[in-house]
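Observations on chain architecture
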Amino acid sequence: MLQDSFGRVATDLRVSLTDRCNLRCSYCMPPEGLDWLPKAGLLTADEIVRLVTIGVERLGITEVRYTGGEPLLRRELLDIVTRTAALDPTPQVSLTTNGIGLARLAAPLAAAGLHRVNVSLDTLDRETFKRLAHRDRLADVLDGLAAAEAAGLRPVKVNAVLMRGVNDHEAVPLLRHCLERGYELRFIEQMPLDAQHGWRRDDMITADEILALLKESFDLAPDSPVERGSAPAELFVVDGGPARVGVIGSVTRPFCGACDRVRLTADGQIRNCLFATEESDLRAAMRSGAGDDELAERWTAAVRGKRAGHGIDDPAFLQPSRPMSAIGG
């Protein structure tokens, strides 16, 4: 098992396939983009599958989520998903994406064995999308969501980040849009993971504020905390159900005590927390000839050192040097 010193067991593996992205969302990276990792530094498809196999077959991983950057940009994505879905025991295989290209790939991904998707959608307004993402691609994201639903990648989950004075007035329209289409919406507090290091707590729309905005138009009742388990989203039943909306209060309502996640970056580093300041290099060990036993031991040691919490409220908190696009969601 991947157990830390506080007794938490990591069963949910987030694997970044690339740090590249075709959007430039302001809460993630600057308009001009970033210096991408060199191709030689990225894990190959075979290396990714080897590490995922070790995680699933030896270390108790039960869910594999492929992320980026933007994972749909990875050419070998279908092959990686196919091989992951063929593992025994078979993990839950999911994908976090901005949705661009999903209209074309949703059906092939479902056929490859992908179970579901999370799609980022922060606005329904074309001009606001252009302001946030610095690209005119809202129609592509909406088409990708519809294709995911049609391909059976359910539940189709939508991730939304509200930013003060930018899209915070869209909380209700976003929820109505998702309710009408059967998508499951999750609002996420903006986290200090931008490449510019420009995050400010005062600019963040908190979980309490999100709920207050929604309650102006909907009746919300807390869902069962037992059903939540280790999930990051606090769920609320909307207008008596069965639909639910989630709020992920990563900053103001941290869920570190129940965290079951571990991350593998696109360049082969194990991170035991999204906000970790240290990494364990599996790529170098693997390319130096390390066997599966050694890789599993290194991975186990990395998780064992996980801290009790992310420490954002600590005056000594330091934002990770890597932005979200380089870590993987």
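Now for a description of the structure that goes with this document. (Residues numbered from 1 in each chain as written. Predicted model: local features only at pLDDT ≥ 70, side-chain atom pairs only at ≥ 80, totals over all residues. Heavy atoms only, no water.)

Moving on to the overall build of the protein chain. Along its length, the protein chain carries eleven helices and twelve strands. Computed over the C-alpha atoms, the radius of gyration of the protein chain is 19 Å, within 12% of the 20 Å expected from 2.2 N^0.38 for a compact globule of 329 residues. Its C-alpha atoms put the protein chain at 60 × 45 × 40 Å along the principal axes. Among the 329 residues that make up the protein chain, the fraction classed as buried is 54%. Considering only contacts within the protein chain whose residues lie at least 6 apart along the sequence, 73% involve residues at least 24 apart. Of the charged side chains in the protein chain, 40 are positive and 47 negative; the average position of the first set lies 2 Å away from that of the second. (Helix = DSSP H or I, 4+ residues; strand = E, 2+ residues; numbered from the N terminus. Rg over C-alpha atoms; globule rule 2.2 N^0.38 Å. Buried < 20%, exposed > 50% of the residue type's maximum accessible area, 1.4 Å probe, protein only. Contact = heavy atoms within 4.5 Å. Lys, Arg positive; Asp, Glu negative; His and termini not counted. Charge placed at Lys NZ, Arg CZ, Asp CG, Glu CD.)

Time to look at the layout of surface pockets. Size it by volume and the second largest pocket reaches roughly 350 Å³. If you trace the second largest pocket, you find 14 residues lining it, with Lys39, Leu42, Arg74, Arg75 and Glu76 closest to the centre. Of the residues in the lining of the second largest pocket, the class split is seven nonpolar, two polar and five charged. (1 Å grid on protein atoms, 1.4 Å probe; cavity = no way out; pocket = protein on both sides within 12 Å on 5 of 7 lines; lining within 4 Å. Points joined across faces, edges and corners; volume = space filled by probe spheres on them. Nonpolar A, V, L, I, M, F, W, Y, C, P; charged D, E, K, R; others polar.)

In spatial order, the strands read β7-β8-β9-β6-β5-β4-β3-β2-β1-β10-β11-β12; together these twelve strands make up an open sheet with mixed pairing. In this open sheet, the two strands that pair with only one neighbour each are β7 (220-222) and β12 (280-281). Alignment of strand β4 (residues 116-120) against strand β5 (residues 157-160), held across three bridges, turns out to be parallel. Residue pairing for β5: Val119 is matched across the bridge by Val158. (Pairing = 2+ DSSP bridges.)

Another aspect to go through is the packing of helix α2 (residues 77-85) against helix α3 (residues 102-112). Taken N-terminus to C-terminus, the directions of α2 and α3 make an angle of 25°; their axes are 8 Å apart at the nearest point. Judged by the inter-axis angle, α2 sits roughly parallel to α3. Counting all contacts with α2, which are made through Leu77, Leu78, Val81, Thr82 and Ala85, the residues of α3 involved are Leu105, Pro108, Leu109 and Ala112. In terms of residue class, the contact of α2 with α3 is built from eight nonpolar, one polar and no charged. (Axes fitted to C-alpha atoms, helices over the stretch in contact; angles between N-to-C directions. Parallel < 35°, antiparallel > 145°, perpendicular 65-115°, else oblique.)

Further remarks concern helix α5 (residues 138-150). The terminal C-alpha atoms of α5 lie 19 Å apart, and with 13 residues this matches the ideal 18 Å at 1.5 Å per residue to within 8%. What α5 keeps buried is the set Leu138, Val141, Gly144, Leu145, Ala147 and Ala148. Those residues of α5 that are buried are in contact with α3, β4, α4 (126-133) and β5. Positive backbone phi, at 85°, marks Gly152, one or two positions downstream of α5. (Expected span 1.5 Å × (residues − 1).)

For the rest of this paragraph, the subject is the side chain of Ser94. Looking at the element boundaries, Ser94 is found in strand β3 (residues 92-97). For Ser94, a relative accessible area of 0% puts it in the buried group. At 3.4 Å, the side chain of Ser94 and the side chain of Glu63 are in polar contact. (Polar contact = N/O pair within 3.5 Å; in protein donor to acceptor, adjacent residues only side chain to side chain.)

Note the cis peptide between Gly68 and Gly69, where omega equals 10°. Within the secondary structure layout, Gly69 lies in the loop between β2 (63-67) and α2. Phi is positive for His134, close to 60°, though the residue is something other than glycine. Residue position: His134 is located in the loop between α4 and α5.

So, about the pattern of salt bridges. Inspection of every chain in the model, using the stated rule, returns 23 salt bridges. Here Arg83 and Asp46 are joined by a salt bridge, their closest N and O atoms 2.9 Å apart. Here Arg83 is found in helix α2, whereas its partner Asp46 is found in helix α1 (residues 45-58), with 37 residues between them in sequence. Owing to a relative accessible area of 30%, Arg83 belongs among the partly exposed residues under this scheme. Here Asp136 ties to Arg126 by a salt bridge, and the two come within 2.5 Å at their closest N and O atoms. Here Arg126 lies in helix α4 and Asp136 lies in the loop between α4 and α5, a separation of ten residues in the sequence. Using a relative accessible area of 37% as the deciding quantity, one classes Asp136 as partly exposed. We classify Arg126 as partly exposed; its relative accessible area is 48%. Here the salt bridges do not stand alone but share partners, grouping Asp46, Asp79 and Arg83 into one network. (Salt bridge = Lys/Arg side-chain N within 4 Å of Asp/Glu carboxyl O.)

Scope: geometric values only; no functional claims are made or implied.
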